[in-house]
Amino acid sequence: MLLSLKRNLILLLGIVFLLVNVFLIYRDFYFFLLLPLALLIIYFAIFSIEKLFYIIVFFTPLSFNLETLGSGNIGIYLPTEPLLLGLVFIYLYKTFFQPKFSLNTFWKHPISFLILLQLVWILITSVLSEFPIVSFKFFLARLWFVIPIYFLGIHIFKKGINYIEKFLWAFLIPLTIVLLYTLITHASYGFSEEAGHWVMWPFFKDHTSYGAIIALFFPIIIGFMMKPKQEFYTKNLLRIIFLIFCVALFYSYTRAAWVSVFGAGIIYLLFVFKIKFKWLFSLGMIAIIIIGVNYTEISYMLGKNNAEHTTEDFGERVESMSNISSDASNLERFNRWNSAIKLTKERPIYGWGPGTYSFVYAPFQDASDLTIISTNFGDGGNAHSEYLGPLSEQGIPGLLIMLLLVIFIFYKASTLYIRLEDPDLKRLVMMLLLGLVTYFTHGILNNYLDTDKASVPVWGFIAIVVAIDLYIAPKKKHS
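What this report covers is the structure whose coordinates are included nearby. Just so it is clear, the model here is predicted, and its values are computed rather than measured. (Residues numbered from 1 in each chain as written. Predicted model: local features only at pLDDT ≥ 70, side-chain atom pairs only at ≥ 80, totals over all residues. Heavy atoms only, no water.)

**Examining the overall build of the chain**
Link 1 in the chain: Each helix and strand counted, the chain has 18 helices and two strands in total.
Link 2 in the chain: Evaluated residue by residue, the chain yields a buried proportion of 48% over its 479 residues.
Link 3 in the chain: Contacts in the chain between residues at least 24 apart in sequence constitute 73% of all its contacts with a sequence separation of at least 6.
Link 4 in the chain: Total accessible area on the chain is roughly 24,300 Å²; 70% of this is exposed by carbon and sulfur atoms. (Helix = DSSP H or I, 4+ residues; strand = E, 2+ residues; numbered from the N terminus. Buried < 20%, exposed > 50% of the residue type's maximum accessible area, 1.4 Å probe, protein only. Contact = heavy atoms within 4.5 Å. Areas by Shrake-Rupley, 256 points an atom, 1.4 Å probe, with all protein chains shown as cover.)

Written as C-alpha cells, this is what we have:
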C-alpha cells in the first residue's frame, strides 16, 4: 500500500509539473523546464559530490558566455560557472566538517604552495587595484576554478587511474561533439579562413581559444591510442576522434596552436633521447635573457606596413608566424606587450589590478605600435600573454609567481615521469605533460585561464600530476 501511495504521488507531481510547464510555455517562460535538472544537481551536491564534479567537466566544452548572446556585460559561462561557485561552498563545508576531505599532505607540495601564494597575491593586488570591483570579480572567478578543479580534483584523482581517465573522457567526448558541430558549420562556408574565425560560436569566443583547447587535448588522444589491450570499439572510436581533431586543428587557422603541438612533439623527442633537464633549462634561460636584454632594440627594428595578412594557404600561414614586420595580428601583439611593459614601469610592484588590463592600456599605446586592428579606446581585450598579463596587472611578483608555477609544474611532471615504473602511469603523466606544454607555449601569445574551457582542463591536468606524485605513485611503489 505504501508503494502504491509513492507511485501515485510521483504520478501526481509529474502531472502538476507538466501542467505548470504548459502554462508557463504559453506565457513564453521556458526556464521551468530546467527544474528536473536543477533538482538532480542539488541531489548530487548533497549525496555525491564526485558526480557533480564530472557533470561540470562534461558541460564545460558545451558552455556558452552570456555576452555572446547579447546579455550586456554579464560575462559568465553557463551552466559551468554557477555550478563551480556552488561547488566551492560545498567543498569548503566538507573540508571543515568532514575529516575524509582533509588533505594535509598536498599542502606540502610545491605546486600547491605556489597556487595558494598566487591566490593570496591576487587578493592583495585586488585590494590595491585601479578598479577593485573588476579585480575582485577576477579573484572570485579564479577561486571557483582553482578550488573545485584543483583542490577537490586532487581528492578525487588520488583514488586511482580510473577516476583520472573518467575526467579526461568527460571533457573529451563533448569537446569532440563541439568540433564536429564546428566542422559541419565550417564546411557549409567552404572552410574559408574568414568563417574560421567565428564558426565555433557560441561554444568558443574565437578561433584562437578553440585552437588552444584542441592542441591541449591532442596529446591526450594520442596517449589513449597508445594504451595496450583496448577493446575493438574503443580503439576505433579513438581513431575517429583523432581524425576529427586533426581536421579541426588544421581548419582552426590558429598558428599558435600548430606551433604548440609541434613544440610538444619536440619535448617528447627530448624525453625519448633522454636530454638532461638542466641543459634544457639553461638554454631556455639564455634565450629569455637575450630577448629581455634586447627587447627594446628588437621592437625598434620592427618595420611595419600595417597591412593585415590573412591567407588560407597553410605554408603562407606558417611563414606568417615569423612575419613580425607586416602581419597585423603579430604586430598587435607587440602593441599589447609594449603597453603591458609600460604599465609595469608605472606600477612595478602591485600592478594595476587583476583583470584591469583592457580598461587601462589604451593611454599607454605608442602611436608607432598601432595597427589597423588597434583601438584607441583600449577595448580590444587583454595582454595576449599568460605572462605579461600578470606582469602588468599584478606587478613583478605576479610574473615571478606565474613563472615559478610553470617551472615547477614541468619539473615535477618530468621527474615524476622519469621515476615512475608503471607503464600506464608513465604514459598518463607524459600525455598530461605534453598537453600542458601546448597550453603554456600557447600562453606566450594568448591567455585563456579566465575562461572555463581552458581553466577546467589546465587546473585538472595539474591536479592529476600532483595526485599521482603524492598518492598514486607511492602506493604503486609499495604494492
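**Side note on helix α4 (residues 80-97)**
Link 1 in the chain: The terminal C-alpha atoms of α4, which comprises 18 residues, lie 25 Å apart, in line with the 26 Å expected from a rise of 1.5 Å per residue.
Link 2 in the chain: Residues T80, E81, L83, L84, L87, V88, I90, Y91 and K94 constitute the buried set of α4. (Expected span 1.5 Å × (residues − 1).)

**Points about unusual backbone geometry**
Link 1 in the chain: Cis geometry is adopted by the peptide bond preceding P79, which originates at L78 and carries an omega value of 0 degrees.
Link 2 in the chain: Positionally, P79 belongs in the loop between β2 (77-78) and α4.
Link 3 in the chain: A cis amide bond links W201 to the next residue, P202, at an omega of 5 degrees.
Link 4 in the chain: Secondary-structure assignment places P202 in the loop between α7 (161-187) and α8 (207-225).
Link 5 in the chain: For F191, which is not glycine, the phi dihedral falls at a positive 55 degrees.
Link 6 in the chain: Among the secondary structure elements, F191 is positioned in the loop between α7 and α8.
Link 7 in the chain: The backbone of K229 sits at a positive phi, close to 55 degrees, despite the residue not being glycine.
Link 8 in the chain: Structurally, K229 can be placed in the loop between α8 and α9 (232-250).
Link 9 in the chain: We classify K229 as exposed; its relative accessible area is 88%.

**Some points on the environment of E346**
Link 1 in the chain: As for its position among the elements, E346 is in helix α14 (residues 328-346).
Link 2 in the chain: Residue classification places E346 among the exposed residues on the basis of a relative accessible area of 53%.
Link 3 in the chain: As for E346 and S392, which are separated by 46 residues in sequence, their C-alpha atoms are 9.2 Å apart.
Link 4 in the chain: Those residues in contact with E346 that sit more than four places away from it in its chain are W352 and F364.

**Concerning the side chain of S129**
Link 1 in the chain: Looking at where S129 falls in the secondary structure, it is placed in the loop between α5 (110-127) and α6 (132-157).
Link 2 in the chain: Here S129 falls in the buried class, since its relative accessible area comes to 9%.
Link 3 in the chain: For S129, the side chain forms a polar contact with the side chain of S135, separated by 2.6 Å.
Link 4 in the chain: In contact with S129, not counting residues within four places along its chain, are S135, W352, G353 and T356. (Polar contact = N/O pair within 3.5 Å; in protein donor to acceptor, adjacent residues only side chain to side chain.)

**Topic: the packing of α7 against helix α17 (residues 423-442)**
Link 1 in the chain: Packing of α7 against α17 brings their axes to within 12 Å, and their N-to-C directions diverge by 35 degrees. Where α7 crosses over α17, the two elements pack in a sense that is left-handed. For the pair formed by α7 and α17, the contact residues are I161, I164 and L168 on the first element and D424, L425, L428, M431 and L432 on the second. (Axes fitted to C-alpha atoms, helices over the stretch in contact; angles between N-to-C directions. Left-handed = near helix turned anticlockwise from the far one by under 90°.)

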